[in-house]
Amino acid sequence: MTMSKAQTLRTGHVGLNVTDMERSLAFYREVFDFEVMAEGKDEGRRWAFLGREDRLMITLWQQSEGTFRPDAPGLHHLSFQVGTMGEVDATAEVLRSLGTEFAHDGVVPHGEGAESGGIFFTDPDGTRLEIYAPTGADPSAAPTPGAPTCGFF
């Protein structure tokens with residue numbers, strides 16, 4: 001009997017390099033209500049495992065300099081789905097209070113006339129993030145003229 005590869009495949013966690021662990025921990029805990037599941041505080045080897053309800057979602061590794069480069073190969077953006085557009089709006093308010101930079105003004109649809117949509121913003125190191133809901137984004141034009149989806153930014 002031949003077994004198929006990765007039959008139960010799903011995304012596990014995402015690891016992000018950060019420049020300042022304390023700043024990143026404060027941001028991810030405030031914005032996403034993550035709990036610190038484990039943490040390493042040794043000089044030169046700072047790391048943190050963040051999650052919710054015993055599910056690991058993000059790992060932070062303090063081992064980089066500079067800022068995220070969207071023009072380099074690798075991560076385009078990290079996306080989180082929530083249940084309602086109200087949750088997206090509430091998160092946007094928290095982000096505004098933190099002085100977070102947004103890629104677009106307000107909620108944007110995932111494509112021309114799409115019902116799903118969300119907000120696009122950056123973390124303290126410039127990593128591009130998204131929070132979206134599968135419905136509730138009023139169908140409207142995509143934020144980048146001529147682009148097939150909101151991901152062209």
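Look up: the structure comes first, before these words.
Residues numbered from 1 in each chain as written. Predicted model: local features only at pLDDT ≥ 70, side-chain atom pairs only at ≥ 80, totals over all residues. Heavy atoms only, no water.

Student: How should the overall build of the protein chain be read in this particular structure?
Tutor: When helices and strands are tallied, the protein chain shows two helices and eight strands. Put simply, the protein chain runs from its N terminus to its C terminus through helices and strands in the order β-α-β-β-β-β-α-β-β-β. Each of the 153 residues in the protein chain was classed as buried or not, and the buried ones make up 37%. Across the protein chain, contacts joining residues at least 24 apart in sequence account for 57% of those joining residues at least 6 apart. (Helix = DSSP H or I, 4+ residues; strand = E, 2+ residues; numbered from the N terminus. Buried < 20%, exposed > 50% of the residue type's maximum accessible area, 1.4 Å probe, protein only. Contact = heavy atoms within 4.5 Å.)

Student: Quick question: what am I supposed to make of the layout of surface pockets here?
Tutor: A water-sized probe, rolled over the atoms, reveals where empty space remains. A volume near 350 Å³ is recorded for the largest pocket. Mapped by element, the contributors of at least two residues to the lining of the largest pocket are helix H1 (21-32), strand E5 (78-81), helix H2 (85-97) and strand E8 (128-133). Counting residues per element, the lining of the largest pocket draws most heavily on H2, which supplies four residues. A per-class count over the lining of the largest pocket returns ten nonpolar, three polar and four charged. (1 Å grid on protein atoms, 1.4 Å probe; cavity = no way out; pocket = protein on both sides within 12 Å on 5 of 7 lines; lining within 4 Å. Points joined across faces, edges and corners; volume = space filled by probe spheres on them. Nonpolar A, V, L, I, M, F, W, Y, C, P; charged D, E, K, R; others polar.)

Student: Hey, could you run me through the sheet that holds E5 in this one?
Tutor: Backbone-to-backbone hydrogen bonds pair the strands of a sheet. The strands run either parallel or antiparallel. The strand order across the open sheet formed by four strands is E5-E8-E7-E6, and the pairing between neighbours is mixed. Because the sheet does not close on itself, it has two edges, and the strands there are E5 and strand E6 (108-109). Summarising the sheet, strand E7 (residues 117-122) and E8 pair through six bridges and their orientation is antiparallel. Residue isoleucine 119 lies in a different strand from E8, and its bridge partner there is isoleucine 131. Of the strands in this sheet, E5, E7 and E8 touch H1, which is tilted by about 10° from E8. This element, H2, spans E7 and E8 of the sheet and lies at about 20° to E7. (Pairing = 2+ DSSP bridges. Axes fitted to C-alpha atoms, helices over the stretch in contact; angles between N-to-C directions.)

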